[in-house]
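# Coordinate analysis (summary)
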Amino acid sequence: QERLQSGHHRVAQCRGAVVENALAVFGGDTRGNAGERRVEWARRHVGDDLRGDRLVEIGCIEIFNRMPTGQSFHRYINPERDMPAEAFAVHGLSSEFLSGKPLFTEVVEEFLEFIGDAPLVIHNASFDISFINAELDRIKRQPISRERLVDTLLLARRKHPGVSNRLDDLCS
């Protein structure tokens, strides 16, 4: 678990750097004004099929005045299913580890409270938001509006056309 926690913090720091780079490159504003609260997030999931695959981790950091505030939200989530070997190879989260973690229904209120109505800065936002919204749909909650999204993948593609814009590549 310590490895996973340190990995989460590295991802959060790296994503924060990507967000700051995107803000600087694109005129200092990616939806909203300086002094506005933004939330940057990452998620991990069981697979790529929205019908049966589930979230297993959500991590968010708060950004204010273009700087991380130190406020964060991080939860592992029990996906209520076995972990495929392919997914385990990517993120290292086992069924055994996740079996004692809360269900999405147990963390959703705290998650929604944390993100509030802030713009959401996400790398590959349309993909990530689909997983969150699928979880919200399962429990009959309103989806998160795509109008709130700032997609750092799209910003990176504009800045670095023709090269890999995977988050790991951007952070190295």
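All values derive from a computational prediction rather than experimental measurement.

Of the strand pairs in this sheet, strand 2 (residues 55-64) and strand 3 (residues 67-76) are connected by seven bridges, and their pairing is antiparallel. Bridge pairing links Ile61 to Ser72 in strand 3. Between strand 2 and strand 3, which pair antiparallel one after the other, the connecting turn spans two residues, and Asn65 there sits at a positive phi close to 50°.

A word on the packing of aromatic side chains. Applying the stated criterion across every chain, the model contains four aromatic pairs. Measuring from centroid to centroid gives 5.8 Å for Phe73 and Phe111, while their planes differ by 50°, and the two rings are tilted. A residue pair is termed long-range when its members are at least 10 positions apart, and Phe73 in strand 3 and Phe111 in helix 4 (residues 104-115) qualify at 38 residues. The pair Phe73 / Phe111 is uniform in exposure class, with both members buried.

Put simply, helix 4 and helix 5 (residues 125-138) touch, their axes get as near as 11 Å, and they point 115° apart. For the crossing formed where helix 4 meets helix 5, the hand is left-handed. Here Phe104, Val108, Phe111 and Leu112 of helix 4 lie close against helix 5, whose contacting residues are Ile132, Glu135 and Leu136. Class assignment for the residues of the contact of helix 4 with helix 5 results in six nonpolar, no polar and one charged.

Locating Leu155 in the fold gives a position in helix 6 (residues 152-159). Sequence separation between Leu155 and His123 is 32 residues, and the spatial gap between their C-alpha atoms is 9.1 Å.

Here we take up the side chain of Glu57. Within the secondary structure, Glu57 sits in strand 2. A polar atom in the side chain of Glu57 sits 2.5 Å from the side chain of His74.

Our focus in this paragraph is helix 4. For helix 4, with twelve residues, the first-to-last C-alpha span of 15 Å sits near the 16 Å given by 1.5 Å per residue. Looking at helix 4, one finds that the buried residues are Phe104, Val107, Val108, Phe111, Phe114 and Ile115. All buried residues of helix 4 lie within an arc of 135° about the axis, which places them on one face of the element. Opposite its buried face, helix 4 presents the exposed residues Glu106 and Glu113, each directed more than 90 degrees away. Trailing helix 4 by a residue or two, Gly116 shows a phi angle of about 50°, which is positive.

Cut-off values and rules
- In this convention, every chain numbers its residues from 1, walking through the sequence in written order.
- A pLDDT threshold of at least 70 governs which residues receive local features in this predicted model, and a stricter bar of 80 or more applies before side-chain atom pairs are shown or counted, although totals over entire chains, interfaces and linings include all residues.
- Water and hydrogen atoms were dropped before computing side-chain values, which therefore reflect all heavy atoms in the structure.
- In this scheme, strands are said to pair when DSSP sees at least two bridges between them.
- Only runs of H or I of at least four residues qualify as helices and only runs of E of at least two qualify as strands under DSSP, and these elements are numbered from the N terminus.
- A pair of Phe, Tyr and Trp rings is counted when the ring centres sit within 6.5 Å of each other, with Trp represented by its six-membered ring. The angle between the planes then sorts it: under 30 degrees is stacked, over 60 is edge-to-face, the rest tilted.
- Between buried and exposed lies partly exposed: a residue is buried under 20% and exposed over 50% of the maximum accessible area for its type, with that area taken using a 1.4 Å probe on protein chains only.
- A fitted line through C-alpha atoms represents every axis, and for helices the fit uses only the stretch in contact; the resulting angles, taken between N-to-C directions, go from 0 to 180 degrees.
- Take the far helix as your reference; a near helix turned counterclockwise from it by less than a right angle gives a left-handed crossing, and one turned clockwise gives a right-handed crossing.
- Contact between two residues is taken to exist if any of their heavy atoms lie within 4.5 Å; hydrogens are not considered.
- Asp, Glu, Lys and Arg are counted as charged, while Ala, Val, Leu, Ile, Met, Phe, Trp, Tyr, Cys and Pro are counted as nonpolar; the rest, among them Gly, fall into the polar class.
- Think of a polar contact as two N or O atoms within 3.5 Å of one another; within protein, one of them needs to be a possible hydrogen donor and the other a possible acceptor, and neighboring residues in sequence only count if both atoms come from side chains.
- To estimate how far a helix should extend, the number of its residues minus one is multiplied by 1.5 Å.
- By construction, the arc corresponds to the directions joining the helix axis to the C-beta atoms.

Functional significance is not addressed by these values, which are geometric in nature.
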